[in-house]
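A structural walkthrough
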Amino acid sequence: MAPKSKEKPKAAAAPSQPPPPIEDLFTSLNRHIQRSEFTQAVKVANQVLSVAPGDEDAIRCKVVALMKADKIEDALSAIQSAQKVSFDFSFYKAYCLYRQNKLDEALKLLEKQDKTQPRMLLESQILYRLGKMDACVDICRNLQKAKIDSLEINLVAGLVSAGKASEVQGTLDTIKIKATSSFELAYNIACSLIEGNKLKDAEQLLLTARRIGQETLTEENLADEDIENELAPIAVQLAYVHQLLGQTQEAVGAYTDIINRNMADEPSLAAAVNNLIAVKGPKDISDSLRKLDRLKEKDSQKFELAHAIDLKLSPKQKETLYSNRVLLLLHANKMDQARELVSVLPEMFPDSVMPVLLQAAVLVRENKAGKAEEMLGQFAEAFPEKSKIILLARAQVAAAAGHPQIAAESLAKVPDIQHMPATVATLVTLKERAGDIMDNQLSVIMREAASFKLRHGKEEEAAHLYEELVKGHGDIEALVGLITTVARVNVEKAEAYEKQLKPLPGLKGVDVDALEKTSGAKPVDGASRGGIADAQEDGKIKEKPKKKRKRKPRYPKGFDPANPGPPPDPERWLPKRERSSYRPKRKDKRAAQVRGSQGAVVRDKSESSASATNSSTSNPKSNQATSSKGASQNAEPSRPQSKSSRKKSRK
């Protein structure tokens, strides 16, 4: 037998080294945190806790380092293990729940906390994620006096998401901050410009934001890939602006490039996929479905957004993605998948009407329009504040399914669109299709529509409406309108309709043909009064006598009726020869006496007049001046004669 080998003696265990002093550990912990080396900071914090279990500072440093390292579950475990510590970790726990998208639980924890600045900031972030934009904006406004860095970025984002993009510029003027102070602020303001349809301005500001972002992130020594991920939202928004401007090819190219790069920024990737699907529409549905599949959980058989994407998207963005998925499935005729996805949407988005509309769309595609109408009607009755779009959808479904009465009833229940011309025209058409032509409201609508068309020169369309009213209602007012309208186009037809008019009382014995041949009626006091009295008796019409309005006498300017002075001459308008004060001039008897030298011959009257005529024709210059003066005065009786005309008359 071979001899047994002797066992080697075991080496003595090396003595354990004593841990470094706790002061050195905290110095090392602080150094790692300052360098953002959070994994190393966690290890050092554990060393501190091994020496001093329950140290509050070490636990706090460990929890914060774990949160900074995106190890949220480990941070919650560390908080749970520190139950015996007197320090309140509720705020840290609320932040961890916020990171896990457990928003309602996080908000409940914050309600018990004092309203400190960190607590209010976290609450505003939670409210923003919940879609409660008004409350988020209110908190940000309350924090403005605190002068918190980058608060204006959150404030502008909240205003845009709350539909208050018009208030952005006023807010910036109040806090006195330029739009280009940071690339994040410039991006958010560009979003407000898009909401205001100022697309060109938004495009320029987005380009500026991209330039500022590249400069800022390069100075921070970020890698090119990280810079590209940080600026991905700007790239998607630029593509969206090009899409709105009608530059479809550029937008499609930008979206495709972002998707192919497979950027780490999940919200930008999801937005690019959704917008590309919207641009393409029902074209290439299978490719669109494959692109949407890139956003779901890899191990899930159903369509469910990946956890990282679900955490960073707003409820409205997630709802849009799921809705587009359903529409693509309907276009692809994949009814089972569409029905399955639609069934879970009401629970995911309880405050939205979109799940109900999508359920109705699935039912219509399955040829169950009646069931869709019933479902939409029940929802409108249960939620009247959300009923407008539901009733409009119900009207559209009913009209397409050949149920005009249900469509008309649905439209009539939407009060704020009843005055619109499109609504009136649609209601008229639906009532006609339903055979409800005896409706009093319909007759009023048709009469007003005919009058409107007649005013705009559409006689044939107006005549058609009047004719429908006459046939269906026997409306006398419509018959008069029909005769007046048809007379412009077809006199014979107008005369045929005229026979349906009843004769007016008091005009039975009037011969119209003889009346037209007369030169006109002569006023006869007795006859006219008698005729009017007869007409009043036949028609039983009593008219009140018109009262003559007394007018105050108008006096000349400066006249005082209290002191009128002497009365005016009653004969002032008579010619001078007809006035009582007129005295003719006496003839000079001495004119016939002979004067001058002896042998002079006395001329008679006719000779003197002839000589006067000859003398007047011999001086044309004087005659011309006199006639010109008279023409001037006759032409402008109310204007004074100018200096030039007076000089001319003197010549």
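Cut-offs applied
Residues numbered from 1 in each chain as written. Predicted model: local features only at pLDDT ≥ 70, side-chain atom pairs only at ≥ 80, totals over all residues. Heavy atoms only, no water. UniProt positions renumbered as here; feature names shortened; annotations may be inferred. Helix = DSSP H or I, 4+ residues; strand = E, 2+ residues; numbered from the N terminus. Buried < 20%, exposed > 50% of the residue type's maximum accessible area, 1.4 Å probe, protein only. Contact = heavy atoms within 4.5 Å. Areas by Shrake-Rupley, 256 points an atom, 1.4 Å probe, with all protein chains shown as cover. Phe/Tyr/Trp six-rings, centres within 6.5 Å; stacked < 30°, edge-to-face > 60°. Lys NZ or Arg CZ within 6 Å of the ring centre and 35° of its normal. Patch = residues over 30% accessible without salt bridge, like charges linked within 9 Å, V, L, I, M, F, W, Y side chains within 5 Å. Salt bridge = Lys/Arg side-chain N within 4 Å of Asp/Glu carboxyl O. Lys, Arg positive; Asp, Glu negative; His and termini not counted. Charge placed at Lys NZ, Arg CZ, Asp CG, Glu CD. Core = buried A, V, L, I, M, F, W, Y, C linked by side-chain atoms within 4.5 Å. Domains from an automatic or database assignment. Expected span 1.5 Å × (residues − 1). pLDDT = per-residue confidence, 0-100.

If you check an unreviewed UniProt entry, the protein appears there as Signal recognition particle subunit SRP72 from Hibiscus syriacus. The UniProt entry for the protein carries the following comment under Function (unreviewed entry): "Component of the signal recognition particle (SRP) complex, a ribonucleoprotein complex that mediates the cotranslational targeting of secretory and membrane proteins to the endoplasmic reticulum (ER)." A UniProt comment under Sequence similarities (unreviewed entry) is attached to the protein, and it reads "Belongs to the SRP72 family."

**Section: the overall build of the protein**
Tallying secondary structure elements over the protein gives 34 helices and 0 strands in all. Buried positions account for 32% of the 651 residues belonging to the protein. Long-range pairs, those at least 24 residues apart, make up 45% of the contacts in the protein with a sequence separation of at least 6. Surface accessibility of the protein: about 44,900 Å² in total, with carbon and sulfur atoms responsible for 51%.

**A few points about the packing of aromatic side chains**
Per the stated rule, a full pass over the model turns up 8 aromatic pairs. Taking the centre distance of 5.8 Å and the plane angle of 50 degrees together, the rings of phenylalanine 89 and tyrosine 92 count as tilted. Geometrically, the ring pair formed by phenylalanine 379 and phenylalanine 383 is tilted, given 4.8 Å between the ring centres and 40 degrees between the ring planes. In this structure an aromatic cluster arises from ring pairing among Phe87, Phe89, Phe91 and Tyr92. Geometry around phenylalanine 383 places lysine 386 over its ring, the cationic atom sitting 5.4 Å from the centre.

**Details of a negative patch on the surface**
Side chains of Glu184, Glu219, Glu220, Asp224, Glu225, Asp226 and Glu230 sit close together on the surface and give a patch of like negative charge. Its place among the elements puts glutamate 230 in helix H13 (residues 224–230).

**What about helix H17 (residues 285–293)?**
Along H17, the residues classified as buried are Ile285, Asp287, Ser288, Leu289, Lys291 and Leu292. Close packing links the buried residues of H17 with helix H15 (248–261), helix H16 (266–280) and helix H19 (315–331).

**Structural notes on the nonpolar core**
Ile126, Val156, Val168 and Ile189 are the most contacted members of the largest nonpolar core, which has 46 residues in total. No other element matches the 8 residues that helix H11 (residues 183–195) contributes to this core. Taken together, domain 1 (22–142) and domain 2 (179–280) each give at least three residues to this core, which thus spans both. Not counting chain neighbours up to four residues away, the residues in contact with isoleucine 126 comprise Tyr98, Leu103, Ala106, Leu107 and Leu110. Of all hydrophobic cores here, the second largest spans 37 residues; its members include Ala270, Leu276, Ala306 and Ile309.

**Notes on the pattern of salt bridges**
Following the criterion strictly, the structure yields 21 salt bridges and no others. The salt bridge partner of arginine 119 is glutamate 123, with a shortest N-O separation of 2.8 Å. Remark: glutamate 123 and arginine 119 occur in helix H7 (residues 117–130); sequence separation between them is 4 residues, near one turn of the helix. By relative accessible area, arginine 119 is classed as buried at 6%. Taken together, the shared-partner salt bridges connect Lys280, Asp287, Arg290 and Lys291 into one network.

**Overview of helix H21 (residues 354–365)**
Spanning 12 residues, H21 covers 17 Å between terminal C-alpha atoms, matching the ideal 16 Å at 1.5 Å per step. When we look at burial in H21, the residues that qualify are Pro355, Val356, Leu357, Leu358, Ala360, Val362 and Leu363. Elements that come into contact with the buried residues of H21 comprise H19, helix H20 (335–348), helix H22 (369–382) and helix H23 (387–400). The positive-phi residue at the C-terminal boundary of H21 is asparagine 367, with phi of around 60 degrees.

**Thoughts on the confidence of the model for the protein**
Close inspection of predicted coordinates is inappropriate in any region flagged by low pLDDT. With 80% of its residues at a pLDDT of at least 70, the protein reaches an overall mean of 80. Counted against residues more than four places away or in other chains, residues 1–14, with its pLDDT under 50, gives 0 contacts. Low pLDDT, under 50, characterises residues 596–651; the stretch is placed with 10 contacts to residues that sit more than four places away or in other chains.

**Describing the environment of methionine 348**
Turning to its location among the elements, methionine 348 is positioned in helix H20. Spatially, the C-alpha atoms of methionine 348 and proline 315 are 9.1 Å apart, while their sequence positions differ by 33 residues.

**Considering unusual backbone geometry**
Its identity as a non-glycine residue notwithstanding, asparagine 221 has a phi of 65 degrees, on the positive side. Along the polypeptide, asparagine 221 turns up in the loop between helix H12 (199–219) and H13. Unusually for a residue other than glycine, aspartate 284 sits at a positive phi of about 50 degrees. Looking at where aspartate 284 falls in the secondary structure, it is placed in the loop between H16 and H17.

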